[in-house]
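Listed below are the residues making up each chain.
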Amino acid sequence: MLATDTIGPVRAIAVGIILLAALPGSASGSIAAAFRMPSGNIGCVYTSGLGPGASLRCDIRTGLRPRPPRPRACDVDWGDSYTLGRTGRARVTCHGDTAILLRSHVLAYGSSWTRGGFTCTSRLRGLRCRNASDHGFFLSRSHSYRF
């Protein structure tokens, strides 16, 4: 089973199933990259071939601040994650899993990650990610926002 921190056995199983379904060579696409902040509070997963195109999802363990409204028809977890497509604005994620994966690459403070039209920059004050159309989000313990 995939180690996913202390998120509980049900979520760990769900994450494992999602990751197995998304392995390269599967019909559904692939998780192309995953990374986390040195603090362990923020984790991101970049996917390609899952649905309409590449996307980047970042979760923050301490939650989005201020907490956004619940997305329509969302009956699982929300309020701790943004999803960003290659173009367009970031969306609050409705999910039943996590993007904070213990075994993912640590993006050191002061470093940037770039792939598929997405760029994320890790700083002591938080994580800023943007897409090809210059929309994105900022995540930190004290506040978060979309732009």
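What counts as what
- Residues numbered from 1 in each chain as written.
- Predicted model: local features only at pLDDT ≥ 70, side-chain atom pairs only at ≥ 80, totals over all residues.
- Heavy atoms only, no water.
- Pairing = 2+ DSSP bridges.
- Helix = DSSP H or I, 4+ residues; strand = E, 2+ residues; numbered from the N terminus.
- Axes fitted to C-alpha atoms, helices over the stretch in contact; angles between N-to-C directions.
- Phe/Tyr/Trp six-rings, centres within 6.5 Å; stacked < 30°, edge-to-face > 60°.
- Buried < 20%, exposed > 50% of the residue type's maximum accessible area, 1.4 Å probe, protein only.
- Lys NZ or Arg CZ within 6 Å of the ring centre and 35° of its normal.
- Core = buried A, V, L, I, M, F, W, Y, C linked by side-chain atoms within 4.5 Å.
- Contact = heavy atoms within 4.5 Å.
- Disulfide = S-S within 2.5 Å.

Enquirer: So what's going on with the sheet that holds strand β7 (residues 112-115)? Residues and values would help.
Expert: Taking strand neighbours across the sheet as the criterion, the five strands line up as β7-β8-β9-β10-β11 in an open arrangement whose pairing is antiparallel. Edge strands, defined here as strands with exactly one partner in the open sheet, are β7 and β11 (144-146). Between one strand axis and the next, the sheet turns by 10 degrees as a mean value, whatever way the strands run.

Enquirer: Please give an account of unusual backbone geometry that cites residues and values.
Expert: The residue after Arg65, namely Pro66, is reached through a cis peptide bond having omega 0 degrees. The topology assignment puts Pro66 in the loop between β3 (55-60) and β4 (81-85). One non-glycine residue, Ala73, lies in the positive phi region at around 60 degrees. Here Ala73 is to be found in the loop between β3 and β4.

Enquirer: Could you give me a rundown of the packing of aromatic side chains, with the residues and numbers involved?
Expert: The geometry of an aromatic ring pair is captured by two quantities: the separation of the ring centres and the angle between the planes. Here the structure, examined in full by the defined rule, presents six aromatic pairs. The interplanar angle of 55 degrees and the centroid separation of 6.3 Å between the aromatic rings of Tyr145 and Phe147 together place this pair among those described as tilted. On the accessibility criterion, Tyr145 (35% relative accessible area) is partly exposed. Taken together, Phe35, Tyr46, Trp113 and Phe118 form an aromatic cluster joined through their ring pairs. Of note, Arg128 hangs over the ring of Phe147, and the distance from its end group to the ring centre comes to 4.2 Å.

Enquirer: I'd like a description of the nonpolar core, backed by residues and values.
Expert: Nonpolar side chains tend toward joint burial in soluble globular proteins. In terms of nonpolar packing, the biggest core is built from 23 residues, with Phe35, Leu56, Cys58, Trp113, Leu127, Phe137 and Leu139 touching the most fellow members. Leave out the neighbours within four places in its chain, and Phe137 touches Leu56, Cys58, Tyr82, Leu84, Ala90, Leu127, Arg128, Cys129, Tyr145, Arg146 and Phe147.

Enquirer: Explain the state of the cysteines to me, using residue names and the numbers behind them.
Expert: One pass over the structure, following the stated rule, counts three disulfides. One disulfide in the model links Cys74 with Cys94; its S-S distance is 2.2 Å. Taking the sign of the torsion about the S-S bond as the criterion, the disulfide between Cys74 and Cys94, at about 95 degrees, is right-handed. Note that Cys74 is positioned in the loop between β3 and β4 and Cys94 in the loop between β5 (91-92) and β6 (105-106), a separation of 20 residues in sequence. Taking the relative accessible area as the measure of exposure, Cys94 reaches 36% and is therefore partly exposed. Disulfide pairing places Cys120 opposite Cys129 at an S-S distance of 2.1 Å. The S-S bond linking Cys120 to Cys129 shows a torsion near 115 degrees; that makes this disulfide right-handed.

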